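Results of the structural survey
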Amino acid sequence: QVQLVESGGGLVQAGGSLRLSCAASGRTFSRYAVGWFRQAPGKEREFLAAVSRGGGGSQYYADSVKGRFTISRDNAKNTVYLQMNSLKAEDTAVYYCAADRQIMVTTNHWDYDYWGQGTQVTVSS
């Protein structure tokens, strides 16, 4: 079992940057693919980015964040990061990380097995 804790959210002006962290418990973290999602009030949970298990050699991005967000993992620290640049007001949401035991990386939130509690990101215009 994996427990995930997000951090790094906060209030930032439009055009600014934030780096979110997803810290995991357990010694088998490298066996999980990890995804980042967000959910704004009244909207469905949205896929943002995912990184493959192992060394994280494969990354996947939603079109809405491609070129602005970067996902990476450091298995020695049991942590996955989401670097967010050029933030916009529409990026305001609660951001979640999730872990998936499947070999194939998926963008579907219902495929992920473990979730963090979320961290709020607010971008002021």
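Small disclaimer: the values here were computed from a predicted structure and weren't measured. (Residues numbered from 1 in each chain as written. Predicted model: local features only at pLDDT ≥ 70, side-chain atom pairs only at ≥ 80, totals over all residues. Heavy atoms only, no water.)

Considerations on unusual backbone geometry
- Its identity is not glycine, yet Asn-78 carries a phi of approximately 50 degrees, on the positive side.
- Positionally, Asn-78 belongs in the loop between strand S7 (69–74) and strand S8 (79–84).
- Of note in the backbone geometry, Ser-86 takes a positive phi value of approximately 50 degrees without being a glycine.
- Within the fold, Ser-86 resides in the loop between S8 and strand S9 (93–100). (Helix = DSSP H or I, 4+ residues; strand = E, 2+ residues; numbered from the N terminus.)

Some thoughts on the sheet that holds S8
- With antiparallel pairing, 4 strands are arranged side by side in an open sheet as S1-S3-S8-S7. Here the strands that pair on one side only, and so sit at the sheet edges, are strand S1 (4–7) and S7. Across the sheet, the mean angle from the axis of one strand to that of its neighbour is 15 degrees, orientation sign disregarded.
- Relative to S8, strand S3 (residues 18–24) is paired through 6 bridges, and the arrangement is antiparallel. Across the sheet, the residue bridging to Ala-23 is Thr-79, located in S8. (Pairing = 2+ DSSP bridges. Axes fitted to C-alpha atoms, helices over the stretch in contact; angles between N-to-C directions.)

Points about the environment of Tyr-61
- Looking at the secondary structure, you find Tyr-61 in strand S6 (residues 59–61).
- In the structure, Tyr-61 is positioned 62 residues away from Val-123 in sequence and 20 Å away in space, judged by C-alpha atoms.
- Apart from residues no more than four positions distant in its own chain, Tyr-61 is found in contact with Phe-47, Leu-48, Ala-49, Lys-66, Phe-69, Thr-70 and Ile-71. (Contact = heavy atoms within 4.5 Å.)

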